[in-house]
Amino acid sequence: MTRIYSASAIALIASLGAANAQTEIQWWHAMGGELGTKLEEIVQGFNDSQDEYTVVPSYKGTYPETMTAAIAAFRAQEQPAIVQVFEVGTGTMMAAEGAIMPVYQLMEEHGENFDPAAFLPAVVGYYTDTDGNMLSMPFNSSTPILYYNKNIFEEAGLDPEQPPETWAQMEEFSKQIMESGAAECGFTTGWVSWIQTENFSAWHNQPIGTMENGFGGTDAELTLNGEAQVKHWGNLKRWADEGIFKYGGPVGGDNAPPMFYSQECAMIMNSSASRAGVLANATDFEVGFGMLPYYDDIESAPQNSIIGGATLWVLSGRPDEEYPGVAAFFSYLSSPEVQADWASFSGYLPITEAAGEEMSGFFEENPGADTGLRQITLNEPTENSKGLRFGNYVQIRGIIDEEFEALMSGSKTAQEALDSLVERGNQQIADFAAQNQ
Amino acid sequence: MKRTIFSNQLLPWLLLAPQLAITFIFFIWPAAQAVWQSFLREDAFGIRSTFVGMENYLRLMDSPEYLNSMQVTLVFAVLVTVLSMGFSLLLAVAADRTLRSARAYTTLLVWPYAVAPAVAGILWWFIFNPTIGILPFLLEQIGYDWNHISNPNEAMALVVIASAWKQISYNFLFFVAGLQAIPASLREAAAIDGAGPVKRFFTITFPLLSPTTFFLLVVNIVYAMFETFAVIDSTTEGGPAQATNIMVYKVYFDGFVGQNMGSSGAQSVILMLIVIALTVIQFRWVEKKVAY
């Protein structure tokens, strides 16, 4: 027994010694499965490239779980140096002055070369303050696109190379597919809040809220109950009643992808980052890629879609010697090679112009892989399409799901559901403003 | 009763200390924190906090979502209790009558209790999943379109079934033990007097089971209100549109996901008061009417 103890004591001392030689930097992330493995591979690349710092990635669960874990850790003064936070948590992180260290400041202090202009405008817009300073480091940004089943299209007598472009075509194609018996349902969707509400608004150049979608200040209000949104939610309900559209559940819509994989539904709208998953699961059919549909009677549609995914936030209160390492690691992460490697593996967008160029060969070999990129760069972002920033937006997402479910179960009309969504959402925004006074 | 007298004043306290420490660290201290938290308005990171008095409570009383959650909890607790107790009593009576194979039945029936709530939740999630589940598939054959993702009543049915199923084993064990403690001579005498099985059950067996039934009633209500969290979390997450958002789940969701510690704190204080009230009412008034 004693021998085992002393052996493990020696091992412990040895491991402590090894850890002391390099400064450890904790990175909490929400990338599970294959994405997590790839992420670790990328981190390994950084750790091998120098011997001063060791970045230690830890998987903390879903996006909300990772974010709340980091917040709880901060309250207990056990926070990691880097945490990956999804786009809807931006408002909360931004307001936490004193808890976070803005990325532009970090990069400047440690002499790293950092130029926000190198990033895609749709990405920069989302994560900068009103003075144009970048607050967090973009890492995995995605945007929703349309995936369709080419075999079903062909069976229904549709052109398999021609995805629907407008919502009118969505309906028409779906009906043709269902009538021909090629599939049971026309389309489904992941992320009702992100795709059918927020992106829908940006894609049609409609405001999500006042004050530049909340970028202008904390006392903004939601305006999601506009004419276009009411029309769209109303249509979704009608299509659900007719069996054209099938609802796949709240948040990410867990039940939506299986409906597409099992060829029950001919089309699905989902994140560009689900590309790898779609291709892996589409074993019996060929997948086509298209842009999100739009209503051609709404002027200035299609505009550009907005991003989702996550950025890396730096938390303050760690030992000083860790921060230069964080800055160096960020430079490494945003290099064209690393970004292109990550984006072609995952389906996330190449977040810098340089990474996009690096991927041109990949895009040629993989037709459709650039759909997301083409979609967010379709037009220069407007006030309505550069993103959104409201306090307590994690909760507002929950409210969007609830109101959509009330619409689906028939207890509210589209107008009622969206009015109630705006009222409840504004309450959340007001609470957030009060909490952060 | 034998009384031990300690000559040393310190020793009894020392012996009690570990239990007291655990009670203080894991019960009293967090409860006090929740009470304090419920009077504050704080940002997520806890950087700025303001004392707001009763505001969090007043807001809850004013919130349709919270009132809905109370109603949902009531319906849910009643349904789970009635279903799991009714069903396990039926099984227990059946097992009690076929004493020869009672052991085999008992073993089989106790299995679900060994399953962790989260695992049970996932199990039911798979069975009922509208896209890949077996049950909606079978229901479709008879022309019923099951979809608890958009139908609130079906979602409620799902969480009630999943929660009741888990508790049946526990109730069953107690009912079997209770039944076997009833002297056979009483029932035999009634049978000789000409009472049928149903009459015997309602006039003799069931009244004599009342201590067990009462105990299980308390346990089941507490179970339905507080221990079904994992089932809800892994099946419906309180949805659709808050149809299954029981109070315990709302405390978690508003506090941990929503980062609204003040409201979450106020909600847990209210829950605490409800538990205290339930316990007092049941043991003060109901227990007196139970024959032991």
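Residues numbered from 1 in each chain as written. Chains lettered and ligands numbered in written order. Predicted model: local features only at pLDDT ≥ 70, side-chain atom pairs only at ≥ 80, totals over all residues. Heavy atoms only, no water.

### A look at the overall build of chain B
Consideration 1: Counting its regular elements, chain B contains 13 helices and two strands.
Consideration 2: Taking the principal axes of the C-alpha coordinates as reference, chain B spans close to 75 × 75 × 30 Å.
Consideration 3: Per-residue burial for chain B yields a buried fraction of 40% across its 292 residues.
Consideration 4: At a minimum sequence separation of 6, the contacts of chain B that also span at least 24 residues come to 65%.
Consideration 5: In chain B, which carries 16 positive and 16 negative side-chain charges, the distance between the mean positions of the two groups comes to 16 Å. (Helix = DSSP H or I, 4+ residues; strand = E, 2+ residues; numbered from the N terminus. Buried < 20%, exposed > 50% of the residue type's maximum accessible area, 1.4 Å probe, protein only. Contact = heavy atoms within 4.5 Å. Lys, Arg positive; Asp, Glu negative; His and termini not counted. Charge placed at Lys NZ, Arg CZ, Asp CG, Glu CD.)

### Concerning the sheet that holds strand β7 (residues 185–189) of chain A
As a general point, the strands of a sheet are linked pairwise by backbone hydrogen bonds and lie either parallel or antiparallel.
All names here are of chain A.
Consideration 1: With mixed pairing, the five strands of this open sheet are ordered in space as β8-β7-β9-β6-β10. The open sheet has two edge strands, β8 (245–247) and β10 (287–290), and neither has a second partner. Within this sheet the neighbouring strands show an average axis-to-axis angle of 25°, counted without direction.
Consideration 2: In the sheet, strand β6 (residues 144–149) pairs with strand β9 (residues 265–271) via five bridges, with the strands oriented antiparallel. Directly across from proline 144, in β9, lies its bridge partner serine 271.
Consideration 3: Contacting β6, β7 and β9, helix α8 (residues 167–180) crosses the sheet at an angle of about 130° to β7. (Pairing = 2+ DSSP bridges. Axes fitted to C-alpha atoms, helices over the stretch in contact; angles between N-to-C directions.)

### A word on the confidence of the model for chain A
Residues and elements named next belong to chain A.
Consideration 1: Mean pLDDT over chain A works out to 90, with 95% of the residues at or above the 70 mark.
Consideration 2: When pLDDT is averaged over each element of chain A, β6 comes out on top at 97 and helix α1 (residues 2–21) at the bottom at 49.
Consideration 3: Low pLDDT, under 50, characterises residues 10–14; the stretch is placed with zero contacts to residues that sit more than four places away or in other chains. (pLDDT = per-residue confidence, 0-100.)

### What to know about the interface of chain A and chain B
Consideration 1: Residue-level contacts link 33 residues of chain A with 29 residues of chain B.
Consideration 2: Here chain A packs against chain B, burying approximately 2600 Å² in sum over the two surfaces, 55% of which is carbon and sulfur.
Consideration 3: Remark: the boundary between chain A and chain B carries three salt bridges.
Consideration 4: At the level of elements, α3 (63–75), α4 (90–95), α12 (256–261), α19 (393–408) and α20 (414–435) of chain A are the ones that each hand at least two residues to the side of chain A that touches chain B. (Buried area = accessible area lost by both parts, 1.4 Å probe. Salt bridge = Lys/Arg side-chain N within 4 Å of Asp/Glu carboxyl O.)

### Re the nonpolar core
Consideration 1: A:Phe187 and A:Phe330 are the most contacted members of the largest nonpolar core, which totals 128 residues.
Consideration 2: When residues of this core are assigned to their parent elements, the largest contribution, eight residues, is made by α19(A).
Consideration 3: What A:Phe330 contacts, discounting residues up to four positions off in sequence, is A:Ile82, A:Val103, A:Leu106, A:Met107, A:Met137, A:Leu312 and A:Val314.
Consideration 4: Within the second largest apolar cluster, 25 residues are counted, among which are B:Met156, B:Tyr223, B:Ala224 and B:Leu271. (Core = buried A, V, L, I, M, F, W, Y, C linked by side-chain atoms within 4.5 Å.)

### Regarding the pairing of strand β5 (residues 137–142) of chain A
In summary, the side chains of a regular strand alternate between the two faces of the sheet.
Residue and element names in this part refer to chain A.
Consideration 1: Of all six residues in β5, six are buried; the element is thus mostly enclosed.
Consideration 2: Where β5 and strand β11 (residues 308–315) come together, five bridges link them in antiparallel fashion. Paired with asparagine 140 across the strands is alanine 310, a residue of β11.

### A word on helix α9 (residues 192–203) of chain A
Residues and elements named next belong to chain A.
Consideration 1: With 12 residues, α9 extends only 14 Å from end C-alpha to end C-alpha; this falls clearly short of the ideal 16 Å at 1.5 Å per step.
Consideration 2: Counting buried positions along α9 gives 12 out of 12 residues, so the element sits mostly inside the fold.
Consideration 3: If you check which residues of α9 are buried, you get Val192, Ser193, Trp194, Ile195, Gln196, Thr197, Glu198, Asn199, Phe200, Ser201, Ala202 and Trp203. (Expected span 1.5 Å × (residues − 1).)

### A word on the state of the cysteines
Residue and element names in this part refer to chain A.
Consideration 1: All told, the structure shown has one disulfide over all chains when counted by the stated rule.
Consideration 2: Each disulfide pairs two cysteine sulfurs, and for cysteine 185 the partner residue is cysteine 265, the sulfurs being separated by 2.0 Å. Between cysteine 185 and cysteine 265, the S-S torsion sits near 110°, and that sign places the bridge as right-handed. Taken together, the residues cysteine 185 in strand β7 and cysteine 265 in strand β9 connect sequence positions 80 residues apart. (Disulfide = S-S within 2.5 Å.)

### Re the packing of helix α11 (residues 227–242) of chain A against α19(A)
All names here are of chain A.
Consideration 1: Remark: α11 packs on α19, axes separated minimally by 10 Å, with the N-to-C direction vectors making an angle of 50°. It follows that α11 is oblique to α19 by the angle criterion. Read as a crossing pair, α11 and α19 show a hand that is right-handed. Counting all contacts with α11, which are made through Trp233, Leu236, Lys237 and Ala240, the residues of α19 involved are Ile400, Glu403, Phe404, Leu407 and Met408. (Parallel < 35°, antiparallel > 145°, perpendicular 65-115°, else oblique. Left-handed = near helix turned anticlockwise from the far one by under 90°.)

### Things to note about the pattern of salt bridges
Consideration 1: Across all of its chains, the model carries 25 salt bridges over all chains by this definition.
Consideration 2: A:Lys150 is the salt-bridge partner of A:Glu161, the closest N and O atoms lying 3.4 Å from each other. A residue pair is termed long-range when its members are at least 10 positions apart, and A:Glu161 in the loop between α7 (150–155) and α8 and A:Lys150 in helix α7 qualify at 11 residues.
Consideration 3: With relative accessibility at 53%, the residue A:Glu161 sits in the exposed group.
Consideration 4: For A:Lys150, a relative accessible area of 14% corresponds to the buried category.
Consideration 5: Ionic pairing is found between A:Lys386 and A:Glu212, a salt bridge with its closest N-O pair at 3.3 Å. One end of the pair, A:Lys386, is in the loop between α18 (371–376) and α19; the other, A:Glu212, is in helix α10 (residues 210–213), with 174 residues separating them in the sequence.
Consideration 6: One continuous salt-bridge network, built from bridges that share partners, spans A:Glu402, A:Glu403, A:Lys412, A:Arg424 and B:Glu65.

### A look at the side chain of B:Glu154
Consideration 1: Relative to the helices and strands, B:Glu154 resides in helix α7 (residues 152–180).
Consideration 2: No salt bridge forms around the buried B:Glu154; measuring N to O, its nearest opposite-charge neighbour A:Lys246 is 13 Å away.
Consideration 3: There is a polar contact of 2.5 Å between the side chain of B:Glu154 and the side chain of B:Tyr144.
Consideration 4: Those residues in contact with B:Glu154 that lie beyond four places of it in its chain are B:Tyr144, B:Asp145, B:Trp146, B:Asn147 and B:His148. (Polar contact = N/O pair within 3.5 Å; in protein donor to acceptor, adjacent residues only side chain to side chain.)

### Some points on the packing of helix α3 (residues 64–97) of chain B against helix α10 (residues 210–227) of chain B
Residues and elements named next belong to chain B.
Consideration 1: As a packed pair, α3 and α10 sit with axes 9 Å apart at the nearest point and diverge in direction by 135°. In this view, α3 runs oblique relative to α10, as classed from their interaxial angle. Between α3 and α10 lies a crossing whose hand is right-handed. Between α3, through Thr73, Phe76, Ala77, Val80, Thr81, Ser84 and Met85, and α10, the contact on the second element is made entirely by Thr213, Leu216, Leu217, Asn220, Ile221, Tyr223, Ala224 and Met225.
Consideration 2: For the contact of α3 with α10, the per-class residue count stands at 10 nonpolar, five polar and no charged. (Nonpolar A, V, L, I, M, F, W, Y, C, P; charged D, E, K, R; others polar.)

### Focus: the packing of aromatic side chains
Residues and elements named next belong to chain A.
Consideration 1: Overall, the coordinates contain 45 aromatic pairs over all chains when judged by the stated rule.
Consideration 2: Ring geometry for phenylalanine 46 and tyrosine 332: centres 5.5 Å apart, planes at 50°, overall tilted. In this pair, phenylalanine 46 is assigned in helix α2 (residues 33–49) and tyrosine 332 in helix α14 (residues 322–333), connecting sequence segments 286 residues apart.
Consideration 3: Residue phenylalanine 46 is classed as buried on the basis of its relative accessible area, which comes to 4%.
Consideration 4: Chaining the aromatic ring pairs together yields one cluster made of Trp27, Phe46, Phe139, Phe329, Phe330, Tyr332, Trp342 and Tyr348.
Consideration 5: Against the face of tryptophan 28 rests lysine 60, its NZ or CZ located 4.1 Å from the ring centre.
Consideration 6: The ring of phenylalanine 215 has lysine 386 sitting right over it, with the charged end atom 4.6 Å from the ring centre. (Phe/Tyr/Trp six-rings, centres within 6.5 Å; stacked < 30°, edge-to-face > 60°. Lys NZ or Arg CZ within 6 Å of the ring centre and 35° of its normal.)

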